[in-house]
Amino acid sequence: MIRKTLCRAGAVGAALFAAAPAFAQEAAEAAAAVPNPGNNAWMMTATVLVLMMILPGLALFYGGLTRQKNMLSTMTQVGATAALAMLIWVMWGYSLAFGDTTYEGTLGLFISGGSYFLAGTDAASTAATFTDEVISKYVFISFQMTFAAITAALILGATAERMKFSALMAFVPIWLTIVYFPIAHMVWAGGGLLFEDGALDFAGGTVVHINAGISGLVLAYLLGKRRGYPAEPMPPHSMTLTMVGTGLLWVGWFGFNAGSALEADGFAGLAMINTFVATAAAALTWMVVERLAGHKGSALGFCSGVIAGLVAVTPAAGNSGPFGAILLGIVSSVVCYLAVAKAKAKFGYDDSLDAFGIHGVGGIVGAIGTAIVYQPFLGGPGDGSTALGAQLGIQTFSVVVTIAWAALGTLIAGLIVKALIGLRVSEEAEVDGLDISEHGERAYN
């Protein structure tokens, strides 16, 4: 009896010994699913940096570019748009873009679901990165939330000084739902149309900048030109505030670009240096082009060049070497200058603060140019497995899809709001300025 018991014990011990590696592997996998505190800390920092891009960065940048009588209304629209986008994001936006439920077939190419009101998410939930690491899901949700907020706010550069505040608050939920969330899913979510196609968009050239720029252009056409434009001079009322806003945007953009690595790793470092050098090259290039065009190199030109470089390097931030990023910044600055100084006058649209001319055009340059700077012959991180021509085709397709989706969706959203409550303030309100007519306040007393 004792012998049989010992034999049984030995068999059990052998079985446990044999199963030990499996148990160890499972334990290791469980350990790997715990967020790295360093990555979490970096992503929380990056998220706050993107918030700084909106308030105060974009609010001051746009506010300084408007006339004095519209300063507060512009800043208020930026802030209120961002706040509304944040609430919508946690209610249904995150679910549509990155939800836990993936749909089969065509629907899954454009949206996801199952995570409405962040259902199923708690402090222990994690989100995948681009390696075996994970970060806290609440951190990922918050980071992506700021992207939705700033994209909606960027549109306001094309509509400044004439859009009703109530119309804006009605437009934003519709636009986010039918335009932003599906495009974010298509580009960044597994199973998304452009993600599966192999499109490269590190931090939002298509999702943020082309999307906002095209949407702003469509909405500007729906609104019509500002009273007195282009005959009446409408210079920025405070280049000082615009310069401050530009600086805050540049600093905050490191959260935007380097944060899109989702980890504090080498690709975050690559995105960081690219965000420095592409922007520096673009800022100086714009001033040089001004001189070549017979003008003085201006503070406004410097600020415009900074934004053009930041926009262009966004999709390429982790998909380019530093010298490719410099090249991209130079090209973007030249093309955006031509869009702002020549094309706008030629086609007669009133893109008030050049949201389309810089974000839309710069985003297109950056998205398509990423195919080139990604290649190893320019020092990019690509391994050459996708030929340049093939990647150019993929990038161009992603740009075309984004333009078409943003234009059609914005047209639908704009026409709905126009039919329900109207888009534009009255002529009297526009003459008085939106600060007083819409908010009952003045920026300066």
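Because the structure is predicted, anything quoted here is derived from the model rather than measured.

*Asks:* Quick rundown of the overall build of the chain? Include the residues and the values.
*Replies:* Within the chain, the secondary structure is distributed over 16 helices and 2 strands. In summary, the chain has a C-alpha radius of gyration of 24 Å against a globular reference of 22 Å for 445 residues, a match within 12%. Projected onto the principal axes, the alpha-carbon positions of the chain cover approximately 105 × 50 × 40 Å. When the 445 residues of the chain are sorted by exposure, 52% land in the buried category. Pairs at least 24 residues apart make up 78% of the contacts formed inside the chain by residues separated by at least 6 positions. About 18,000 Å² of surface is accessible on the chain, with carbon and sulfur atoms providing 70% of the total. Averaged over its 19 positive side-chain charges, the chain has a centre that lies 6 Å from the centre of its 26 negative ones.

*Asks:* How would you explain the side chain of Asn 40 if you had to name every residue and give the values?
*Replies:* The residue Asn 40 is located in helix H2 (residues 37-65) in this model. With a relative accessible area of 13%, Asn 40 lands in the buried category. Ignoring any residue separated from it by four or fewer positions in sequence, one finds Asn 40 in contact with Pro 35, Ile 135, Ser 136 and Val 139.

*Asks:* Requested: an account of the pattern of salt bridges, with residues and values cited.
*Replies:* Applying the stated rule across the entire model yields 9 salt bridges. Residues Lys 137 and Asp 100 are paired through a salt bridge, measuring 2.9 Å at the closest nitrogen-oxygen approach. With a gap of 37 residues between them, Lys 137 in helix H4 (residues 137-154) and Asp 100 in the loop between helix H3 (71-98) and strand S1 (126-128) connect regions that are remote in the sequence. Since its relative accessible area comes to 7%, Lys 137 is described here as buried.

Calculation criteria
- Residues numbered from 1 in each chain as written.
- Predicted model: local features only at pLDDT ≥ 70, side-chain atom pairs only at ≥ 80, totals over all residues.
- Heavy atoms only, no water.
- Helix = DSSP H or I, 4+ residues; strand = E, 2+ residues; numbered from the N terminus.
- Rg over C-alpha atoms; globule rule 2.2 N^0.38 Å.
- Buried < 20%, exposed > 50% of the residue type's maximum accessible area, 1.4 Å probe, protein only.
- Contact = heavy atoms within 4.5 Å.
- Areas by Shrake-Rupley, 256 points an atom, 1.4 Å probe, with all protein chains shown as cover.
- Lys, Arg positive; Asp, Glu negative; His and termini not counted.
- Charge placed at Lys NZ, Arg CZ, Asp CG, Glu CD.
- Salt bridge = Lys/Arg side-chain N within 4 Å of Asp/Glu carboxyl O.

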